[in-house]
Structures are given as structure tokens and as C-alpha cells.
Amino acid sequence: MTEISKLDKIIKPSGTMLISNKARELREAGKPVIGFGAGEPDFASPDYVVSAAIEAANDPKNHKYSPTAGLDSLRKSIANSAHSNSNYLVDPANIVVTNGGKQAILTALMSLLDSDDEVIIPAPFWTTYPEAVLLAGGKPIFIETSKEKDFKISIEDLEGIKTDKTKVLIWCSPSNPTGVVYTKEEAKKIYQWVFENDLWILSDELYEHLVYEGEATPSPAIFDKEFNNTLIVNGVSKAYAMTGWRVGWLIANNKVINLAKKILSQTTSNVNNISQLAAEAAINNGLEVTQNMKIAFDRRRRFAIEKINSIDNLSTTKATGAFYLFVNVSHYCSGLIENIKSSEDFCNWLLENYYIAFVPGEVFGAPGYMRLSYALSDDELSEGLNRLEKAIKDISG
Ligand code: PLP
């Protein structure tokens, strides 16, 4: 038989998308599904973003190919925002625009890794990281963390796992899926360790502007001004409610950026010009829209934490960033109910019987947990959590 690539056996599809698809099928069959699975704001993109896109679509200049690295004007806006909103300096020449943060991550890893180079990924992790490492020919190496330590890694963890093949640490604070945010002191220690060991840190900052309590985590770019060890991934998806527009970016030193440009020039040529100009409008209009979303997210976060912790044998960490809670459901995954032996079984059972969709912890390398996104309306959040409470009462008899 004609064979396809071995990648077929190596790469998993996006787990978060699997649950969203299943929820969509049930919804289409007329079931009143409430989705806690989506990793995107429930708000529409701002009006000025939509207007900028319409204007861009009407200009024939934007119907043509444009520079692989991204539109100059957008790269300048990104650099200005990094300075005023994230406290580090970057030359626009050190930015490449990509189809979402997701493509920035893959491009970064392809630019850094040779075969079998090891990439440290703290678990629980965002589901794409290990697959992107594998696609880039590297080897994902996981650090297990615990709820007791707020799912945070330490220098001891890093020392324990480092080998002479270690090349990159993937870093994400605020974290998807836990919502945990490292403090400045904690982050600085980790960055120092990376710099001293002359490794790369790939810092995924998609949620940097969604922190509800305490200080935000400073970017490693603040300390590594020459980008000797640092790569930054960011985008407009989460901060500006623009997931469908597909605009992200990678920031790195010249050497990395030149290779990234070569890769992009042979894969996607340029990001859709209309989306790039829409993203530019979002960035130039500042973070007021983000602050407004934050008010809603924070209200829902507080409500959801209190409700979850009031349900028998469920608990969540006090997530202070992104829009996720990571809920310990291990009590209900050990055969208490027939055929429920994992968080995946538990999430399927909740979806099929109570029409509430959560993402099982297995997808994030943390069995016994499930991820809840609170980026949904207050009414849906309340109704969905009432159903979860009822499900647990039904199990407990
Ligand atoms: N990084 C993290 C941690 C995410 O949660 C996501 C999206 O869910 C991304 C990166 C990629 O976002 P996008 O490709 O929409 O920019």
C-alpha cells in the first residue's frame, strides 16, 4: 500500500479542538450545550478593527503580496506597544508577523532546533507545544508540577532535567491551562538560570495583558536586551478578541529572524494584508478594550472559583491570569461511576449527559484535571456550573 508520512503516528490533533467539535455536533443536534472549552474571548472584535479591515479590503494595494516579515506599519506598532505596554525595546526589524501565535511558535522552534534537541516544557502545558516541538524535529521533555506548588517550576526542577541536549525552555505566564502567573522574583530566577546556561527561552506572552490580581510577569526581553537567549511570541487573538483574524508575531535577534523569514517565505509568503491592517488598528487603539474585557473576565473568574470550590471534592487553584481555571476532578476519575476511569471519561460523561463541555487534563499532560474557560457569558457560566453541581450531586447520590 502507498504509505503516508510517519508523522501521522507522531502528531496528535489539537485536543481542545476535538472537544469543541464534539460540542458543536451535539449543539447542531439541538442539545443545549454550554461550552467551557473555547480558548477565546466571547466578545466581538472592536468596531474600529472591523472598519479598518473594510477600508483595507477596498484598497487594491492590499490585494497583492506584501513583505514576508509583515507590513512595516504593523511591525512599528508592535514595537511601540512592546515599549509602552510591556516595558522592553525592540527594533521593528526584529519582528516577523505570522498567522497567529501558533505559527510563531512553530516557526521559532523550526529556527532553533536540530534533530533530537531537547525542549523543556513545564506540565500542564498548552496542548500545541509538544506537537510543535515534534514537528520541528525536536524532543519534548516535560517537568511535572503539582497543585501544591501552584503548578510552578523551580530551578531545582530545571537542574534535575537539563542534559547536554537541552536547548530551549518554553515559558508561558499567565499560563494556559492553569491561569497561574509567576511573580517577578520567581520569573527573574528562571530567566537567570536560562541565561547562565546559555539556553533559549521561548516566552509565549499571548495572555500578558490578562492579569487580575498581583503583578504581571515581566518579559525576559526586559532583562535580555540583545535577545541573546530570548524569543517572544505574541498576537492579537486574546487581548483584542481577534482569534479568527490570525495575526501573531515572533520577536528575536537578527540571526533567528533571518532564518524565520526564510521559513515563512517558503511556507506562507505573507499574512493576509487585511488582517494585518486590522491588527494594526487594534494595537494603535490601545488596551482600553482589553481593560473592559478584563472587568467581565474577573467577575466571572471570582464567581467560578467560589462555585467550583463549593462543590464536593472539586477544587481549583486561585488562577489570577488568562481566562482558565484548572479543576482537580481526580476524585471522580477512579471508578466511582461505572466506566469513568479518567478525566477524559469524566469530561465525556459531563458532555453527553449534562451538555457541559470541558477539556480533559490529559490534553495538557495532567490527567485528573479538567480545564474550564470562563470566557463565556455570565448567564451561561452560572447555568453551566449549576449543571456541574447537579452532575456531582447525582454521582454522590
Ligand atoms: N499560546 C497560548 C498559550 C494559547 O493559549 C494560544 C491559543 O489558544 C496561542 C498561543 C495561539 O494563539 P493564536 O494562534 O490564536 O494567536
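Each chain carries its own residue numbering, running from 1 in the direction its sequence is written. This being a predicted model, a pLDDT of at least 70 is required before a residue's local features are given, and a value of 80 or more before pairs of side-chain atoms are given or counted; all residues contribute to the totals for chains, interfaces and linings. The side-chain values count all of the structure's non-hydrogen atoms but skip hydrogen atoms and water molecules.

Participant: What is the right way to read the layout of surface pockets from this model?
Facilitator: Remark: the empty space left among the atoms is shown by a probe the size of a water molecule rolled over them. With a 1 Å grid laid over protein atoms only, a set of points is called a cavity when a 1.4 Å probe fits there but cannot get out and a pocket when it is open yet has protein on both sides within 12 Å along at least five of seven lines; lining residues have an atom within 4 Å of a point. Grid points are joined across faces, edges and corners, and a volume is the space filled by probe spheres set on the points. Its boundaries defined by the atoms lining it, the largest pocket holds a volume of some 950 Å³. Along the walls of the largest pocket sit 42 residues, with Met17, Ser20, Ala38, Gly39 and Glu40 positioned nearest its centre. Counting only elements with at least two residues in the lining of the largest pocket, the list comes to helix H2 (15-28), helix H5 (100-112), helix H6 (128-135) and strand S13 (369-373). Note on conventions: DSSP H or I runs of at least 4 residues are helices, E runs of at least 2 residues are strands, and numbering of each starts at the N terminus. Broken down by element, the residue count for the lining of the largest pocket peaks at 8 residues, all from H2. Boundaries of every domain are those given by an automatic assignment or by a domain database. Composition of the lining of the largest pocket by domain shows at least three residues from each of domain 1 (7-44 + 289-392) and domain 2 (64-285). Size it by volume and the second largest pocket reaches roughly 390 Å³. Looking at the second largest pocket, it is lined by 20 residues, and the ones nearest its centre are Lys12, Pro13, Gly15, Leu18 and Val363. Looking at the lining of the second largest pocket, the elements with two or more residues in it are H2, H6 and helix H12 (343-354).

Participant: Even after reading the chapter, I still don't get a nonpolar patch on the surface, so can you show me in this structure?
Facilitator: Patch membership needs two things, relative accessible area over 30% and no salt bridge, and members are linked within 9 Å if like-charged or within 5 Å if nonpolar (Val, Leu, Ile, Met, Phe, Trp, Tyr). Each accessible area is a Shrake-Rupley result for a 1.4 Å probe, and residues are judged covered by the shown protein chains and nothing else. In the sections that follow, a salt bridge refers to a side-chain nitrogen of Lys or Arg positioned within 4 Å of a carboxyl oxygen of Asp or Glu. Together, Leu7, Ile10 and Leu135 make up a nonpolar patch on the protein surface, roughly 240 Å² of accessible area in all. Residue placement: Leu135 occurs in helix H6. Per-residue accessibility, obtained with a 1.4 Å probe over protein chains only, is compared with the maximum for each type, and a residue is labelled buried under 20%, exposed over 50%, and partly exposed between these values. Overall, the relative accessible area of 42% leaves Leu135 in the partly exposed class.

Participant: Can you walk me through the pairing of strand S5 (residues 166-172) in this structure?
Facilitator: Within a regular beta strand, the side chains point alternately toward one face of the sheet and then the other, so they alternate between its two faces. Most of S5 sits inside the fold, with 6 of its 7 residues counted as buried. Criterion used throughout: strands pair if DSSP finds at least two bridges between them. Here S5 pairs with strand S6 (residues 200-204) via 5 bridges, running parallel. Residue pairing for S6: Cys172 is matched across the bridge by Asp204. For crossovers, right-handed means that the path from the first strand over the helix to the second runs clockwise, given strands pointing away from the viewer. Crossover S5 to S6 through helix H8 (residues 184-196) is right-handed.

Participant: Mind showing me how you'd approach the site of the ligand here?
Facilitator: Neighbouring the ligand are 13 residues; Gly101, Asp204, Tyr207, Ser237 and Lys238 lie closest to it. Any N or O atom pair separated by 3.5 Å or less is treated as a polar contact, with the protein-specific requirement of one donor-capable and one acceptor-capable atom, and with residues adjacent in sequence counted only for side-chain atom pairs. Ser237 is positioned such that a nitrogen or oxygen atom in its side chain is 2.7 Å from an oxygen atom of the ligand. Between Arg246 and the ligand, the recorded distance is 2.7 Å, taken from a side-chain N or O atom to an oxygen atom. Out of a free accessible area of 400 Å², the ligand has 93% covered by protein chains. Here a residue is considered near a molecule or strand provided that any single heavy atom belonging to it is located within 4 Å of it.

Participant: Is there a simple way to explain the pairing of strand S4 (residues 139-144) in this structure?
Facilitator: Where strand S3 (residues 118-123) lies against S4, 6 bridges are found, and the strand directions are parallel. Considered in S4, the bridge of Ala123 is made with Glu144. Read as a crossover between parallel neighbours, the route from S3 over H6 to S4 is right-handed.

Participant: What should I look at first to understand the state of the cysteines in this one?
Facilitator: In a disulfide, the sulfur atoms of two cysteines are covalently bonded to one another. In this description, a disulfide is simply a cysteine sulfur pair whose atoms lie within 2.5 Å. If you walk through the whole model with that rule in mind, you get 0 disulfides. Take Cys333: it sits in no disulfide, and the sulfur closest to it among the cysteines is that of Cys347, at 7.7 Å. Since its relative accessible area comes to 0%, Cys347 is described here as buried.

Participant: Explanation requested: the side chain of Asn94 in the structure shown.
Facilitator: Locating Asn94 in the fold gives a position in the loop between helix H4 (72-86) and strand S2 (95-98). Under the relative-accessibility criterion, Asn94 is labelled buried at 12%. Reaching out from Asn94, the side chain makes a polar contact with the backbone oxygen of Ala252 at a distance of 2.9 Å. When neighbours within four sequence positions are excluded, Asn94 is seen to be in contact with Leu250, Ile251, Ala252, Asn253, Asn254 and Ile257. Should any heavy atoms of two residues lie within 4.5 Å, those residues are counted as being in contact.

Participant: In this structure, what is going on with the sheet that holds strand S9 (residues 315-316)? I would like to understand it.
Facilitator: What holds strands together in a sheet is hydrogen bonding between their backbones, with the strands either parallel or antiparallel. Strand order in this open sheet of 4 strands is S9-S10-S13-S12, and the pairing throughout is antiparallel. The sheet terminates laterally at S9 and strand S12 (359-360), the two strands that pair on one side only. Looking at chain direction, strand S10 (residues 324-328) and S13 are connected through 5 bridges and run antiparallel. The residue bridging Phe326 from the neighbouring strand is Arg371, located in S13.

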